[in-house]
Amino acid sequence: MNTLNSTASNAVDKRSGFIFTEYLPKFPLTEMLLLLVAIFWGTSYGLTKEALIFTSVLLFIAIRFSLTSLCMAPVVFKECRAGRNKDWKVAISSGLILSAIFLFEVYGISQTSASNAAFLISLSVILTAFFEPLINRSKISPSLIWLAICSIVGVYCLTHSGSATITLNTGDYFILCAAILRAVMVTVTKRLTEGKDITTSTLTAIQSFIVAFSALTLCFITQPFSDIHLPSAMSFWLTMAYLVLCCTLFAFCIQNYAIRKISPTKVSLLMGSEPLFGALFAVVWLNESFTVLQMIGGGLILASVLVTSMRANK
């Protein structure tokens, strides 16, 4: 019986493009990889704001996802030659949604504080719990919803600036739109790719190409051609290398892989811990300090993540 389960699991991994998992220990691998994504994304807000000093939002997105597409091209070419991507068209709609997410998110980050962005983007956790039953017609366990609410409360405490209310500006509304689209993205991707013949790497590459093409098209439409030029600062390209390799290439491969194996709500909850890792990054790297309320918030997020990680894959 165990042999049959192992064989079935390996078949799923091969279909989704992650064959290497059959050689790894039987830990909650998917959950651990999603937490690693959250760590990378937690550091990306500040780095994105620094990179936007050197270029426009649209050109930044175009560069980031063009490089991601180029990195994925050899793998996708090999997989297509092997006939493993007969249903590649399912990636188009999710790629268009991802384009909108990054347009809203990067514009929002450029116009609001990192703390507001972290809190508002984390609302995708609870939104996914509501969208999943509507889009995928699947039942969400009450405990998972409570864990999502606990995580949102934790993010609010972690990013609380001391004011009794949250004042929203234009950038905040952009981030809120991105959070809604994130929730739609994970649920729609789950539904479209279920049982389809497309690898995770090809899904990620097509999505990245669509984002790059959309951003570059808008860039040429909205900006004079003479104003479009690549940044020359080394710091920009070092930041871009990190964002491409860790926060885009690795992160979206893992997200697409995880969506096909576990509940979209669980995926969003684990990745929604990114504000916690962003705050820890600020403490370690920027020598910032936690208040008591922030420590309580971090504890709530950590507890939610630990409980979620040890739950069954549903």
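All residue numbers here refer to positions counted from 1 along the written sequence of the relevant chain. Where totals are concerned, whole chains, interfaces and linings use all residues; where local detail is concerned, this predicted model gives features only for residues with pLDDT of at least 70, and gives and counts side-chain atom pairs only at 80 or more. Each side-chain value is derived from all of the structure's non-hydrogen atoms; neither hydrogens nor water enter the calculation.

### Here we look at the environment of R182
Take R182: it is sitting in helix α8 (residues 170–193). When its relative accessible area of 15% is taken as the criterion, R182 is described as buried. C-alpha of R182 to C-alpha of V125: the two residues are 57 residues apart in sequence and 8.9 Å apart in space. Excluding its chain neighbours within four sequence positions, the residues that come into contact with R182 are W41, Y45, I101, E105, I121, S124 and E274. By definition, any uninterrupted DSSP run of H or I lasting at least four residues is a helix, any uninterrupted run of E lasting at least two residues is a strand, and each is numbered from the N terminus. Relative accessible area decides the class of each residue, using a 1.4 Å probe on protein chains only: under 20% of the type maximum gives buried, over 50% gives exposed, and in between gives partly exposed. In what follows, a contact means two residues having at least one pair of non-hydrogen atoms within 4.5 Å.

### A look at the packing of aromatic side chains
Classification of ring pairs rests on two measures: the distance between centres of Phe, Tyr or Trp rings, Trp counted by its six-membered ring, which must be within 6.5 Å, and the angle between planes, read as stacked under 30 degrees, edge-to-face over 60 and tilted in between. Under the defined criterion, the tally for this structure stands at 11 aromatic pairs. Between the aromatic rings of F104 and F174, the centroid separation amounts to 5.8 Å while the plane-to-plane angle is 40°, which identifies the pairing as tilted. Remark: F174 occurs in helix α8 and F104 occurs in helix α4 (residues 90–111); sequence separation between them is 70 residues. A ring pair is formed by F209 and F213, whose centres lie 6.2 Å apart and whose planes are at 20°; its orientation type is stacked. Here the residue F209 and the residue F213 both occupy positions in helix α9 (residues 200–222), the gap between them amounting to four residues, near one helical turn. Taken individually, F209 and F213 each receive the classification exposed, so the pair is uniform in this respect. Within the aromatic cluster, the residues linked to one another by ring pairs are W41, F65, F102 and F252.

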